[in-house]
Amino acid sequence: MAPRANWKGFLRLSLVTCPVALYPATSESEKISFNQLNRQTGHRIKYLKVDADTGDEVPNEDIVKGYELEKGQFIEVTREELEDLALESTRTIEIDEFVDKTDIDPRYLIRPYYLRPDGKVGHDAFAVIRETIREMNRVAIGRVVLTNREHIIALEAMDKGLVGTLLRYPYEVRSEQEYFDEIQDVRVTKDMLDLAKHIVNQKAGTFDPEKFEDHYESALVELINQKRAGKVIQPKERPKGENVVDLMEALRQSVGREAAPTKAGKRTKKPRKAATGQKEMLMPIAGKKPAKETAAKKPASRSQRKSA
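None of these values were measured; they are calculated from a predicted model. (Residues numbered from 1 in each chain as written. Predicted model: local features only at pLDDT ≥ 70, side-chain atom pairs only at ≥ 80, totals over all residues. Heavy atoms only, no water.)

Enquirer: How would you summarise unusual backbone geometry if you had to cite specific residues and measurements?
Expert: With phi around 60°, Ser-14 is a residue other than glycine that occupies positive phi space. Note that Ser-14 resides in the loop between β1 (7–13) and β2 (16–24). Notably, Asp-159 is not glycine yet its phi reads approximately 55°, a positive angle. Within the fold, Asp-159 resides in the loop between β9 (149–158) and β10 (161–167). Given a relative accessible area of 61%, Asp-159 falls into the exposed group. (Helix = DSSP H or I, 4+ residues; strand = E, 2+ residues; numbered from the N terminus. Buried < 20%, exposed > 50% of the residue type's maximum accessible area, 1.4 Å probe, protein only.)

Enquirer: Could you give an account of a negative patch on the surface, naming the residues involved and the relevant values?
Expert: A contiguous patch of negative charge on the surface is contributed by Glu-80, Glu-81, Glu-83 and Asp-84. Here Glu-83 is to be found in helix α1 (residues 79–83). Take Glu-83: its relative accessible area is 56%, and that puts it in the exposed class. (Patch = residues over 30% accessible without salt bridge, like charges linked within 9 Å, V, L, I, M, F, W, Y side chains within 5 Å. Areas by Shrake-Rupley, 256 points an atom, 1.4 Å probe, with all protein chains shown as cover. Salt bridge = Lys/Arg side-chain N within 4 Å of Asp/Glu carboxyl O. Lys, Arg positive; Asp, Glu negative; His and termini not counted. Charge placed at Lys NZ, Arg CZ, Asp CG, Glu CD.)

Enquirer: Describe in detail the packing of aromatic side chains, supporting the description with residues and values.
Expert: This model, assessed by the stated rule, comprises two aromatic pairs. Between Tyr-169 and Tyr-171, the aromatic rings sit 5.8 Å apart at their centres with planes inclined by 5°, giving stacked as the arrangement. (Phe/Tyr/Trp six-rings, centres within 6.5 Å; stacked < 30°, edge-to-face > 60°.)

Enquirer: Summarise helix α6 (residues 247–259); cite the residues concerned and give the values.
Expert: Taking 1.5 Å per residue as the helical rise, α6 with its 13 residues ought to reach 18 Å, and the 18 Å between its terminal C-alpha atoms agrees with that figure. Listed in full, the buried residues belonging to α6 are Met-248, Leu-251 and Val-255. Seen from one end, α6 has its buried residues packed into an arc of 60°, which puts them on one side. Among the exposed residues of α6, those pointing more than 90 degrees away from its buried face are Gln-253 and Arg-257. Here the buried face of α6 lies against α4 (190–202). (Expected span 1.5 Å × (residues − 1). Arc of directions from axis to C-beta. Contact = heavy atoms within 4.5 Å.)

Enquirer: Give me the lowdown on the nonpolar core, citing residues and values where you can.
Expert: What tends to happen in soluble globular proteins is that the nonpolar side chains get buried as a cluster. Leu-11, Ile-93, Leu-115, Ile-153 and Leu-155 are the most contacted members of the largest nonpolar core, which has 21 residues in total. Residue assignment for this core shows that the elements contributing at least two residues are β1, β2, β7 (109–117), α2 (123–136), β8 (139–146), β9 and β10. It is α2 that provides the largest number of residues to this core, a total of four residues. Apart from residues lying up to four places away in sequence, Leu-11 is in contact with Val-16, Thr-17, Cys-18, Val-20, Ile-93, Ile-95, Phe-126, Ile-129, Leu-155 and Leu-162. If you look at the next biggest cluster of nonpolar residues, it comprises seven residues, including Val-99, Val-139, Ile-152 and Leu-167. (Core = buried A, V, L, I, M, F, W, Y, C linked by side-chain atoms within 4.5 Å.)

Enquirer: If you had to explain the pattern of salt bridges to someone new, which residues and values would you point to?
Expert: All chains considered together, the criterion is met by 13 salt bridges. Two residues, Lys-190 and Asp-194, come together in a salt bridge whose shortest N-O distance is 2.8 Å. Of the two residues, Lys-190 and Asp-194 both sit in helix α4, four residues apart, roughly one turn of that helix. Take Lys-190: its relative accessible area is 60%, and that puts it in the exposed class. When salt bridges with common partners are traced through the structure, they connect Asp-96, Arg-143 and Glu-150 into a single cluster.

Enquirer: Give me the lowdown on the pairing of strand β3 (residues 65–70), citing residues and values where you can.
Expert: When you tally the buried positions in β3, you get zero out of six residues, a small fraction of the element. Taking the residues between adjacent antiparallel strands as the criterion, β3 and strand β4 (residues 73–77) are bridged by two residues, where Gly-72 takes a positive phi near 80°. (Pairing = 2+ DSSP bridges.)

Enquirer: How would you summarise the sheet that holds β9 if you had to cite specific residues and measurements?
Expert: Strand order in the open sheet made by the eight strands is β5-β1-β2-β7-β10-β9-β8-β6, with mixed pairing throughout. Two strands in the sheet have a free side with no partner beyond their single neighbour: β5 (92–94) and β6 (97–99). Along the sheet, successive strands turn relative to each other by an average axial angle of 40°, direction set aside. Sheet analysis places β1 next to β2, joined by seven bridges and oriented antiparallel. Its bridge partner being in β2, Phe-10 is matched across the sheet by Pro-19. Sheet strands touched by α2: β1, β2, β6, β7, β8, β9 and β10. Its angle to β2, the strand with the most contacts, is close to 80°. (Axes fitted to C-alpha atoms, helices over the stretch in contact; angles between N-to-C directions.)

So this is what it looks like as structure tokens:
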């Protein structure tokens, strides 16, 4: 069953309109998360919303948004006033233009969503918009309001639905010049470039997310399992970066290392599927055993012993 929609409204291309729902395409719920605890008592930390001057706790109904004009001087804005802005994109994704996907700078990409028809009506109009995007091999650009903010959204056809990726505004993207100006101009020789290209060709592959493994998450699972088992935690040696003195020699050695065949019979371990989740790798809680194991160890009944 699909998760709850983050947004419901209409998708419109000129005079063609259909009701749609927007769903998050990614999730981090399977990642291991931590609570903050009081080291002295082991109790969880609780956060309260308090008045910065009086120190009194403030109930949610008395909390409003405020924009600071000057130090200590705020303009209050209520939820009703924000809703009364009534931008069309609050309820409708209007397709403004179609662009080539290669025109979209990756720095502007935020996060993906799935779009599908909402309810049993409008599937025909949705299919027309989807197939138009697919056949034109373009990305549709529109606007949508999420969490009280208007976002640019780029729509692409995927299978029977659409994928919409939120985009940043220009003022949200920093200029690369403030970071790249101090990089030295270095001349790369043809020999170095040829060796580097050879390494790239040896490492060439196809993009397959199933091959990826979250090593940090796996290390967290191992750490938690060791602590639950009462084992002494031994710190691992941190990886050290090596200063390359002879770049040409390092490239040559890299080519030789990448060309070396793997040991015969050694197979690469395929990581677990993302849908399975890292949390399933944790040790079972003490006192609880899997159903199969419990069934296997269950003593035979009196009738079973007689038949034996």
